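Survey of secondary and tertiary structure
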There are 2 protein chains.
Amino acid sequence: MRIHVQNHNRDGNPKVTSSDWKSRAEKAGPVSKDIAMSFGCTPEDFAANISSAEGLICNARVLLEHLPAEAPCLKFIFLTHAGVDALAGAEDRIPPDVVVLNNSGVHGRKAAEYALMAVLMIANELPYFVERQQKKTWAKRVCTSVQGRRATIVGLGSIGSAVAEKFHALGIRNIGVRTRAGDHPYCENVIATETIDSILFDTDYLVMSCPLTPRTAGMLDRRRIALMPKHAAVVNVGRGELIEQDALLDALDDGRIAGAVLDVFVPEPVPPEHRLWSTRNLLMTPHVSAADPATYISHSLDILFDNLRCLREGRPLPNQVDFVRGY
Amino acid sequence: MRIHVQNHNRDGNPKVTSSDWKSRAEKAGPVSKDIAMSFGCTPEDFAANISSAEGLICNARVLLEHLPAEAPCLKFIFLTHAGVDALAGAEDRIPPDVVVLNNSGVHGRKAAEYALMAVLMIANELPYFVERQQKKTWAKRVCTSVQGRRATIVGLGSIGSAVAEKFHALGIRNIGVRTRAGDHPYCENVIATETIDSILFDTDYLVMSCPLTPRTAGMLDRRRIALMPKHAAVVNVGRGELIEQDALLDALDDGRIAGAVLDVFVPEPVPPEHRLWSTRNLLMTPHVSAADPATYISHSLDILFDNLRCLREGRPLPNQVDFVRGY
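Residues numbered from 1 in each chain as written. Chains lettered and ligands numbered in written order. Predicted model: local features only at pLDDT ≥ 70, side-chain atom pairs only at ≥ 80, totals over all residues. Heavy atoms only, no water.

Time to look at the overall build of chain A. A count of helical and extended segments in chain A gives ten helices and twelve strands. Relative to the globule expectation of 20 Å for 327 residues, the C-alpha radius of gyration of chain A, 21 Å, shows essentially globular dimensions. With the principal axes as the frame, chain A shows a C-alpha extent of 65 × 45 × 35 Å. Across the 327 residues of chain A, 57% fall into the buried class. A separation threshold of at least 6 residues defines the contact pool for chain A, and within that pool the share at least 24 residues apart is 61%. When the accessible surface of chain A is summed, it comes to about 13,800 Å², and 51% of that surface belongs to carbon and sulfur atoms. The centroid of the 36 positive side-chain charges in chain A is displaced by 5 Å from the centroid of its 38 negative side-chain charges. (Helix = DSSP H or I, 4+ residues; strand = E, 2+ residues; numbered from the N terminus. Rg over C-alpha atoms; globule rule 2.2 N^0.38 Å. Buried < 20%, exposed > 50% of the residue type's maximum accessible area, 1.4 Å probe, protein only. Contact = heavy atoms within 4.5 Å. Areas by Shrake-Rupley, 256 points an atom, 1.4 Å probe, with all protein chains shown as cover. Lys, Arg positive; Asp, Glu negative; His and termini not counted. Charge placed at Lys NZ, Arg CZ, Asp CG, Glu CD.)

This is the structure:
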């Protein structure tokens, strides 16, 4: 098998190197035998390798830069991230019969740690104390334990499930929200997305951890934000577009909800003049919640090898993207 | 038995009311029978009740205001907090043969949640991102998972043990530090205080969670801070005096350690002109880490009833203060 890795040219995000590949291939065992690899980051590198590649490893932005491509041997594309919203509307440019795999699973642990941090910060009044610190003012405020509090977790994929597990370990009572109602080992109940209104009034922490699709875009809108109690807080580790952002910022500025810890926004990067920066009781991080660079590439390649194992054995591929569903 | 509760007059901190007492006494069962209670907060209330009281419930400040007192029947004093450093030097004013009980155990869960929040904030670069947010600047920085990181937990009493348990659940590798080396279910190793130098170089998160005593005052001094690696961070949920504060602030301002999350300071309240407020990579909360007001009083009374049970049965009292040891 021939697999080509097309890395991006931007700094900051991790790249797949041949030494990464070698070290994970060794661990993966037989499935990694007889794979010939090529690595590149220029258009020339891509052109020289894509015509013979059976597999392509890249991110969505790189993929869109190079599509459509003459890739007669291509069987699969492995995206180095979980969300495929950036490919929405561009599915037709992917050669037919090519399987797209996402990197779902790579973000769970780190994003769950971030969500746990976020609810602990809310319970410990960090948005308030950070503001007091800037004003050099000592002012106490009643804090709470998270134990026994109620979280509503929207999306129970790899990230939402990991969030539910970590919350449960601290005694937080979880309600999951997903496409269909059902069970989850770390949720007291799992309700269907269309019934979310029924639970918002009883939510202390609302965690957005679902993929961005046409069904989920703008899901937490002004009307739903108004259903939340005044002491509630919002955490977003999904995508900025899941929330009607201006409605959330209005609610924060007016004190109609208690706080928010957000990692994703519209737009990104957030420009200096944006109202986000000066919204009350909001703590912001620049889209860093879900990635642990120290383990990102090795974990990603392990996920790919799991899928290659299924491919060889004719089993369903756990990370195959369904563009109708949107993840 | 006659027990008098002398509440303070200050707002903010929880008080023991007769309805608190009734509800916990009911749960406590036989041990709470035949106890006559009185409640007060003025000097007159104290004077009217102390001469016949066998038990006194109050905090250290209230106790010092009323000592010495004519209390011929007094057998025990139950302090409504865990630390007894405020009584240092005043032990002689406590009538002889009166047992002093502290409230050790009431702070564990909440303080451990705070410490967990603190290390997650360090791993997620919150001190840096909070500063960026104030400057309205989008700037990414590599974050990490806490899994596999190394915490050094100084003090393994009720708070330190709870910290170790929560850290362990997230895969943090703990080294405990206490008076004598030994074992702990959630620590890889427990070393004696005097050998702490040997572990500081290998510490990602240093958590101060021990009582303030003459042995521990100034324990994290300038020399020891210099032994910590540049990426390390300090969390203090104990007492400000455990740390040579100026040395810590110098290290933070000079970037010789990565960050700190502090809940306790010298002095408290921190005055507006203090350098603490403008130290780099420091996040501050106003001595709120260990108290969960919603459950504080009920939990405190449960601890008292546990001790009364031991008293009646002639067993050692788990919360008896040893003023030589200092806790």
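Having put the structure on the table, let's press on.
All names here are of chain A. By domain assignment, chain A separates into domain 1 (2-106 + 292-313) and domain 2 (108-284). Taking the mean C-alpha position of each, domain 1 and domain 2 sit 32 Å from one another. Counting residues at the interface gives seven residues for domain 1, matched by six residues for domain 2. Summing the contributions of domain 1 and of domain 2, the shared interface buries around 480 Å²; its carbon and sulfur component is 41%. Considering only the surface of domain 1 that becomes buried against domain 2, D85, G105 and D292 emerge as the three largest contributors, covering 70% of it. Linking domain 1 with domain 2 are two salt bridges. R109 is the partner of D292 in a salt bridge, and the nearest nitrogen-oxygen pair spans 3.6 Å. (Domains from an automatic or database assignment. Buried area = accessible area lost by both parts, 1.4 Å probe. Salt bridge = Lys/Arg side-chain N within 4 Å of Asp/Glu carboxyl O.)

We now examine helix α6 (residues 158-169) of chain A. All names here are of chain A. Spanning twelve residues, α6 covers 17 Å between terminal C-alpha atoms, matching the ideal 16 Å at 1.5 Å per step. Buried residues of α6: I159, G160, A162, V163, A164, K166 and F167, and no others. Each element contacted by the buried residues of α6 is listed here: α4 (108-123), β6 (150-154), β7 (173-178) and β9 (205-208). Immediately beyond the C-terminal end of α6, within one or two residues, lies G171, with a positive phi of roughly 85°. (Expected span 1.5 Å × (residues − 1).)

Residue and element names in this part refer to chain A. One way to put it is that helix α1 (residues 18-28) packs onto helix α10 (residues 293-312) with a least axis distance of 10 Å and a crossing angle of 45°. When the axes of α1 and α10 are compared, the pair comes out oblique. Two packed elements cross with a definite hand, and for α1 against α10 that hand is right-handed. Contacts from D20, W21, R24, A25, K27 and A28 in α1 reach I297, S298, L301, D302, L304, F305 and R309 in α10. Considering only residue class, the contact of α1 with α10 consists of seven nonpolar, one polar and five charged. (Axes fitted to C-alpha atoms, helices over the stretch in contact; angles between N-to-C directions. Parallel < 35°, antiparallel > 145°, perpendicular 65-115°, else oblique. Left-handed = near helix turned anticlockwise from the far one by under 90°. Nonpolar A, V, L, I, M, F, W, Y, C, P; charged D, E, K, R; others polar.)

The step from B:L67 to B:P68 runs through a cis peptide bond, and the omega angle for that step is -10°. Mapped onto the elements of the fold, B:P68 is located in the loop between α3 (60-66) and β4 (76-79). The amide bond that connects B:E268 to the next residue, B:P269, takes the cis arrangement and shows omega of -10°. Examined against the element boundaries, B:P269 turns out to sit in the loop between β11 (259-262) and β12 (282-284). A positive phi is found at A:E125, a non-glycine position, where the angle reads about 60°.

Judged by nonpolar contacts, the single largest core of 70 residues is most densely connected at A:L116, A:F167, B:L116 and B:F167. Apart from the residues within four sequence positions on either side, A:L116 is in contact with A:K166, A:F167, A:L170, B:L116, B:L120 and B:L170. (Core = buried A, V, L, I, M, F, W, Y, C linked by side-chain atoms within 4.5 Å.)

Turning next to the side chain of A:T213. Position of A:T213 among the secondary structure elements: in the loop between β9 and α8 (222-225). When residues no more than four places from it in sequence are discounted, the contact partners of A:T213 are A:R325, A:G326 and A:Y327.

Here the focus is helix α4 (residues 108-123) of chain B. All names here are of chain B. Between its first and last C-alpha, α4 extends 22 Å over 16 residues, near the 22 Å set by a 1.5 Å rise per residue. Counting buried residues in α4 gives 15 out of 16 residues, a clear majority hidden from the surface. Taken from the residues just after α4, E125 is the one with a positive phi, measuring 60°.

For the rest of this paragraph, the subject is the interface of chain A and chain B. Taken together, the contact pairs 46 residues of chain A with 46 residues of chain B. Summed over both partners, the interface of chain A with chain B comes to about 4,200 Å²; 66% of that surface belongs to carbon and sulfur atoms. When residues of chain A are sorted by the area they lose upon contact with chain B, A:Q133, A:W138 and A:W277 head the list and together hold 19% of the total. Viewed at the interface, chain B and chain A are joined by zero salt bridges. For the side of chain A that touches chain B, the secondary structure elements donating two or more residues are α4, α5 (126-134) and β12 (282-284) of chain A. Of the residues forming the side of chain A that touches chain B, the biggest block, eight residues, is contributed by α4(A).

All names here are of chain A. Pairing is parallel in the open sheet, where seven strands are placed in the order β8-β7-β6-β9-β10-β11-β12. Looking at the sheet topology across the chains shown, the edges are occupied by β8 (189-192) and β12. Neighbouring strand axes in the sheet, compared pairwise and without regard to direction, differ in orientation by 15° on average. One ladder, built from four bridges, connects β7 with β8; its direction is parallel. Looking at the pairing, I175 lines up with N189 of β8. Against the sheet, α4 touches β9, β10 (233-236), β11 (259-262) and β12, its axis set at about 155° to β11. (Pairing = 2+ DSSP bridges.)

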